Structure formats: C-alpha cells, structure tokens
Amino acid sequence: MSEEWTEEELDDGIVELIDENGETQRYYHLGTMEHKGENYVFFEPCDEEDDDEGTVMVFRLGDEESDELFPIEDDELLDEVFAEFMAKMEEEEEEEAAE
C-alpha cells in the first residue's frame, strides 16, 4: 500500500502536505523535475527542530489532473532521482555564480 499525499501551495514556496492520516506538515518546495517519463517533487521540512537538518523528501507526482504525491519505495530509483536533482541544483548555482 502506498501513502498518498496531497499538497496545498502557500506563499514563499511553502506547501502543506496532508498525509493519509489527515495530518498537515509544512515544507519548502525545492523543485520539480522529470526523470524517465515521471515527475518528481522535492521538499524540505520547514520545522528543522523536528527533523535532521538537510532532510529532503522526494515524491513521485501523480498524473496531471491529480495533486497526489507518492513516496518512492525503490531505494535505487530514489538514489538515482536524488543524484540527478542535486546535479541540476549544483549546475544552476554555478550558472548563477557566473552571471
């Protein structure tokens, strides 16, 4: 059984994620990217006190008509998606620094 999350976008790139138990948690939306035909979203907890610093949540985005988010259960895929995301983030930072 996969968890289903829905998101509600707030100001400043902050979203509220509502889990399958109806509990709401706030996260910073770090980015969204496509990988092998699927879209993935990346979030960081707003409340660093409860989570380790640098924690990033990665979800597969449901179809275009749905705002459901699904956790990635395959560790190899998760590592692959996260590595690609980090490489793109570093590339963007280098481009910004060069300007």
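In this report, we go over the structure that sits alongside the text. Computed from a prediction, not measured in an experiment: that's the story for all the values here. (Residues numbered from 1 in each chain as written. Predicted model: local features only at pLDDT ≥ 70, side-chain atom pairs only at ≥ 80, totals over all residues. Heavy atoms only, no water.)

Some words on the overall build of the protein chain
Broken down by element type, the protein chain carries one helix and six strands. Each helix and strand of the protein chain, ordered N terminal to C terminal, gives the series β-β-β-β-β-β-α. Within the protein chain, the fraction of its 99 residues that count as buried is 23%. Pairs at least 24 apart in sequence give 32% of the contacts found in the protein chain among residues at least 6 apart. (Helix = DSSP H or I, 4+ residues; strand = E, 2+ residues; numbered from the N terminus. Buried < 20%, exposed > 50% of the residue type's maximum accessible area, 1.4 Å probe, protein only. Contact = heavy atoms within 4.5 Å.)

Quick word on the packing of aromatic side chains
According to the stated counting rule, one finds three aromatic pairs in the structure shown. Where Tyr 27 meets Phe 43, the ring centres are 6.3 Å apart and the plane angle is 55 degrees; that geometry is what we call tilted. In this pair, Tyr 27 sits in strand S3 (residues 24-35) while Phe 43 sits in strand S4 (residues 38-45), placing the two residues 16 residues apart along the sequence. Exposure remark for Tyr 27: the relative accessible area of 4% places this residue in the buried category. Through a chain of ring-to-ring contacts, three or more aromatic side chains come together here, namely Tyr 27, Phe 43 and Phe 59. (Phe/Tyr/Trp six-rings, centres within 6.5 Å; stacked < 30°, edge-to-face > 60°.)

Brief notes about the pairing of strand S5 (residues 57-61)
Sheet topology places S4 next to S5; four bridges connect them, and they run antiparallel. Residue pairing across strands places Phe 42 opposite Val 58, the latter belonging to S5. With three bridges connecting them, S5 and strand S6 (residues 68-71) associate as antiparallel partners. The partner of Arg 60 across the bridge, within S6, is Phe 70. Connecting S5 to the next strand, S6, in antiparallel fashion are six residues. (Pairing = 2+ DSSP bridges.)

Considering helix H1 (residues 75-98)
Along its 24 residues, H1 runs 35 Å from first to last C-alpha, staying within 8% of the 34 Å computed at 1.5 Å per residue. Where H1 begins, the side chain of Asp 74 points an oxygen toward the backbone nitrogen of Glu 76, at a separation of 2.9 Å. (Expected span 1.5 Å × (residues − 1). Polar contact = N/O pair within 3.5 Å; in protein donor to acceptor, adjacent residues only side chain to side chain.)

Comments concerning a negative patch on the surface
Together, Glu 90, Glu 91, Glu 92, Glu 93, Glu 94, Glu 95, Glu 96 and Glu 99 make up a negatively charged patch on the protein surface. If you trace the backbone, Glu 90 turns up in helix H1. (Patch = residues over 30% accessible without salt bridge, like charges linked within 9 Å, V, L, I, M, F, W, Y side chains within 5 Å. Areas by Shrake-Rupley, 256 points an atom, 1.4 Å probe, with all protein chains shown as cover. Salt bridge = Lys/Arg side-chain N within 4 Å of Asp/Glu carboxyl O. Lys, Arg positive; Asp, Glu negative; His and termini not counted. Charge placed at Lys NZ, Arg CZ, Asp CG, Glu CD.)

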